[in-house]
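Chains, contacts and geometry: an overview
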Amino acid sequence: MTTTLPAIKDLDGPPLGQTEDAGGLSMPLMGTVLFIASEIMFFATLLGSYYVLRSVNNPWPPEGLETLDLVLPLILTMMLLTSSITAHGAVWGIRNNNRTVFVTSLALTLLLGAMFLVGEIFDAVSLDFDFGSHGAYGSIFFTILGFHALHVLGGVIFFAYQTFAGMVGGFSPRNYQAVECGVWYWHFVDVVWIFVFFTLYVVR
Amino acid sequence: MATTEVRPEVAVGGVEVRQPYRATVLDWLTTTDHKKIAIMYFVTSVVFLCVGGTFAGLVRTQLMQSGERFMDGDTYNQVMTMHALVMVFLFLMPMIAAIGNYVVPLQLGATDMAFPKVNALSFWLVPLGGILMLSGFLVKGGAASVGWYINPPLSNSQFAPGNGVNVALAGLAILGASTTLGSINFIVTILKLRAPGMTMMRMPLFCWNMFVTSLLAVFSLPVLTAGFAMLWIDRNLGANFFNPQAGGDPILYQHIFWFFGHPEVYILLLPIMGVVSELIPVFSRKPAFGYKAFVFATLAIGALGTMVWAHHMFTTGAINVSFFAATSLLIAVPTGVKMFSWTATMWRGKVKWTTAMLFAIGFLSQFLIGGITGVFLGSGSIDFSVHDTYYVVGHFHYVLVAAALFGVMGASYYWFPKMTGRLLNEKVGKVQWVIMFVGTNMTFMAQQILGIKGMPRRIETYYVPAWNTLNLVSTIGAYLIGLGLLMWIINMLVARKRGPIAGDDPWDANTLEWATTSPPPYYNFDALPPIRSERPLFDLKHPAEGAEDAAESAEREHAGAH
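Conventions used here
- Residues numbered from 1 in each chain as written.
- Chains lettered and ligands numbered in written order.
- Predicted model: local features only at pLDDT ≥ 70, side-chain atom pairs only at ≥ 80, totals over all residues.
- Helix = DSSP H or I, 4+ residues; strand = E, 2+ residues; numbered from the N terminus.
- Rg over C-alpha atoms; globule rule 2.2 N^0.38 Å.
- Buried ≥ 20, exposed ≤ 12 C-beta atoms within 10 Å, placed from the backbone.
- Contact = placed C-beta atoms within 7 Å.
- Core = buried A, V, L, I, M, F, W, Y, C linked by C-beta atoms within 7 Å.
- Axes fitted to C-alpha atoms, helices over the stretch in contact; angles between N-to-C directions.
- Parallel < 35°, antiparallel > 145°, perpendicular 65-115°, else oblique.
- Left-handed = near helix turned anticlockwise from the far one by under 90°.
- Nonpolar A, V, L, I, M, F, W, Y, C, P; charged D, E, K, R; others polar.
- Expected span 1.5 Å × (residues − 1).
- pLDDT = per-residue confidence, 0-100.

**Observations regarding the overall build of chain A**
Along its length, chain A carries 5 helices and 0 strands. Put simply, chain A runs from its N terminus to its C terminus through helices and strands in the order α-α-α-α-α. Here the C-alpha radius of gyration of chain A, 23 Å, is well above what a compact globule of 204 residues would show, namely 17 Å. The buried share of chain A, taken over its 204 residues, is 35%. For chain A, restricting intrachain contacts to residue pairs at least 6 apart in sequence, the fraction spanning at least 24 positions comes to 79%.

**A short note on the overall build of chain B**
The helix and strand tally for chain B stands at 16 helices and 0 strands. A compact globule built from 562 residues would reach a C-alpha radius of gyration of about 24 Å, and chain B, at 24 Å, matches this within 12%. Summarising its shape, the C-alpha atoms of chain B cover approximately 70 × 65 × 45 Å along the three principal directions. Buried positions account for 57% of the 562 residues belonging to chain B.

**Description of the nonpolar core**
Among the nonpolar cores identified, the biggest contains 224 residues, and Leu92, Leu279 and Ala404 of chain B are the most heavily contacted of them. Ignoring sequence-local partners within four residues, the contact set of Ala404 of chain B consists of Leu92, Leu268, Leu269, Ile272 and Val399 of chain B.

**Observations concerning the packing of helix α9 (residues 321-346) of chain B against helix α10 (residues 355-378) of chain B**
Any two packed helices are characterised by how steeply their axes cross, that is the angle between the axes, and by the distance between the axes. Residue and element names in this part refer to chain B. At a minimum axis separation of 9 Å, α9 and α10 run at an interaxial angle of 165°. Classified by the interaxial angle, the pair formed by α9 and α10 is roughly antiparallel. Note that α9 runs across α10; the crossing there is left-handed. In contact with Ala325, Ser328, Leu329, Ala332, Thr335, Met339 and Trp342 of α9, α10 contributes Leu364, Leu368, Gly371, Val375 and Gly378. Here the contact of α9 with α10 is composed, by residue class, of 8 nonpolar, 4 polar and no charged.

**What about the interface of chain B and chain A?**
Each side of the interface is counted separately: chain B has 53 residues, and chain A has 42 residues. At the level of elements, α5 (164-192), α6 (205-237), α7 (250-284) and α15 (536-541) of chain B are the ones that each hand at least two residues to the side of chain B that touches chain A. Residue composition of the side of chain B that touches chain A, by class: 34 nonpolar, 11 polar and 8 charged.

**Here's the deal with α7 of chain B**
Residue and element names in this part refer to chain B. In this model, α7 (35 residues) spans 50 Å end to end at C-alpha, consistent with the 51 Å of a helix rising 1.5 Å per residue. Here α7 lies mainly inside the structure; 32 of its 35 residues are buried. Just downstream of α7 lies Arg285, where phi reads positive at about 55°.

**Things to note about helix α2 (residues 71-95) of chain A**
Residue and element names in this part refer to chain A. The end-to-end C-alpha distance of α2 is 37 Å, a good match for the 36 Å that 25 residues give at a rise of 1.5 Å each. Along α2, the residues classified as buried are Pro73, Leu76, Leu80, Ser83, Thr86, Ala87, Ala90, Gly93 and Ile94. Contact partners of the buried residues in α2: α3 (99-126) and α5 (177-203). Once α2 ends, the next one or two residues include Asn97, with phi positive near 60°.

**Some remarks on the environment of His395 of chain B**
All names here are of chain B. With respect to the helices and strands, the residue His395 is situated in helix α12 (residues 390-420). Classification of His395 as buried rests on a count of 24 C-beta atoms within 10 Å. Between the alpha carbons of His395 and Asp526 there is a distance of 46 Å; along the sequence they are 131 residues apart. Residue contacts for His395: discarding those within four places in its chain leaves Gly370, Thr373, Gly374, Leu377 and Gln448.

**Observations concerning the environment of Gly130 of chain B**
Residue and element names in this part refer to chain B. Here Gly130 lies in helix α4 (residues 116-134). For Gly130 and Leu172, which are 42 residues apart along the polypeptide, the C-alpha to C-alpha distance reads 8.0 Å. The residues touching Gly130, leaving out its near neighbours within four places in the chain, are Phe48, Leu90 and Gly171.

**Concerning the packing of helix α3 (residues 73-108) of chain B against α4 of chain B**
Residue and element names in this part refer to chain B. Interaxial distance between α3 and α4 falls to 11 Å at its minimum, and their mutual angle equals 165°. Between α3 and α4, the angle falls in the class roughly antiparallel. For α3 against α4, the interelement crossing comes out left-handed. Residues Met82, Leu85, Leu90, Pro94 and Asn101 of α3 lie in contact with α4, whose contacting residues are Asn119, Val126, Gly130, Met133 and Leu134. Per-class residue counts for the contact of α3 with α4 are 7 nonpolar, 3 polar and no charged.

**Some words on the confidence of the model for chain B**
Residue and element names in this part refer to chain B. Summing up the model confidence of chain B, the mean pLDDT is 91 and the portion of residues at 70 or higher is 94%. The low-confidence segment residues 1-6 (pLDDT under 50) makes 18 contacts with residues lying over four places distant or belonging to another chain. Contacts from residues 8-14, a stretch scored under 50 in pLDDT, to residues over four places away or in other chains number 9 contacts. Among the prediction metrics, the complex's ipTM stands at 0.94, with pTM recorded as 0.93.

**Description of unusual backbone geometry**
Geometrically, the link from Asn58 of chain A to Pro59 of chain A is a cis peptide bond, its omega value of 0° lying close to zero. Among the structural elements, Pro59 of chain A can be located in the loop between α1 (27-56) and α2. In this structure, Ile150 of chain B is a non-glycine residue whose phi angle is positive, near 55°. Along the polypeptide, Ile150 of chain B turns up in the loop between α4 and α5. Taking the number of C-beta atoms within 10 Å as the measure of exposure, Ile150 of chain B has 21 and is therefore buried. Look at Asp388 of chain B: it is not a glycine, yet its phi comes out positive at around 60°. Relative to the elements of secondary structure, Asp388 of chain B occurs in the loop between α11 (380-386) and α12.

Shown next as structure tokens:
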């Protein structure tokens, strides 16, 4: 059954270790983008569900919850948006071999993220409804808020590890892709927050 | 001659190199080699096939004749639900990951997947999720007994209070994460790791199908995860997403489930179509007919597959039947292109009747039946009368067992020599094929007729003597499928140690995985042949014809330029 092939070594085949596609996104970034794409579908489902439930319920938001305090959520939004800028500073820092800027920006990002989480928990506790009360409103409100908070928490833990690694000499101008991936993910968490904020607090 | 030296443990009469048992175990537990991960996926998948197959046997035994009460109703519901979940999420999905993991990097001329560690993680999540899901049988109230859609309100805390549904949801979420990570890995591998010369339009059709499948999985699985999360929160934290009494919407769950559920059908089927597109050209001794059309048909099926989900919900009355009927029927067009491509490839080819080819042809004929019954179901008016009957059961089993399982069989007979270095027994394979061909058609044709006669699905038993004969036929057919699968497993176990040595290229094939030893070394290739078409190995074996083709196409391009 065996067919003998001509000796492949003697032919001018392509060199090993190279690929057809060498340009464009690096593999880790492409993986991150695809991961973000799947996360977008996840949040799209939750936000879509919000609008479906909104359309089948009248009144929405339910009676007694006509107004929500916007001050704290707005401050939180500003904090999270600022953290996107500091996250970018971290990439700039390591790319230019400026470890001080790198570690400081990353620590600042981490701090803003942590403060966002604390503020959000404070805000959530102060609301006078929960998962089960007020029909589906409380359910979808806290589910979206909670899943977003979990994603922020994931980013904070990731940055905490990277800040530590950066402080003890990890990463270099030629090796900072993990930081970049984390920062892209962090941008996604921010952008989703804008949709979450508008859906939960503005459009309602 | 191969490029890589024949490895000693494969050589007959050669010195066998053996490492200590402990080292072997550790090696498999910690490996990030795509080939070893693929084999672990394969073994896991076959183990779960045995579990799911046993459940199927139990279900068919219960339904053999009217009034049979071999299991009580609740046990029956648990077994029926877990049969479906195991077969879809623990047999077919890991099996596709197994074939893809083994074949894609080799066909692309790559050394490994893009993210080998993530690959290992995706694999280890499968047994974890599977054991979690099946642990439902040990908890109070038994396993999930609510059907594989896990539709609320049936699956809410009021009507399914046990922990079975909770562990099933948790297990499915883990399996979803595994598939999402695996799919990201496949997409990046295919986009970034093709060997020089392997352009997208020279990629083997199997890789194209894995690519589109992976895109669909990344697109649709997170939706399901979100839905399951909402259901879990409903059940355990007292939320009201799907509770109509408190402003929830059960139809929303159905939308979410089927938004995943229909692309899932293509996630399962496209790789199998890819397998068949590898087998038929090789065993017909012809290039695949209409390579480009096939690629575009694959893309079209992927795109259309995302906008037909509500055809599973025609009878809810809450959707636009005509729109979803139209998109569903439209899918028949690219699928028809594929059928045409396969048959035209065989047309006037020199067909070699190997077992793998027989399974590919079995796939064609039975997928045709499954596909055509699907067209009937897709046209809303017929669906209204056969919805939730055995007609539907027969239809999707034709697609997922008679077609997809046959594709898996074909893939195993084709690539087993590459994985182990030894050929499976062809005679046993052909007997197995006959048994399974008869078995599947008996089982599922009988079910389709029963459906038209009005037998509803998901019933623990029935009291209509008129359905007895056909149910008996269906049950005997199911046992035959089981027998065929048993022969397959024994064939593999025997051939693994004693099968005839395959050599590098036992099928005189076209794609790169046959340009290295069987099994390949961990780094896959010592050298690659030049890649100038989608059949680099054919060009290698027939340099003159290849040159002629190249000259011809150059001439064509030249003519086109004027």
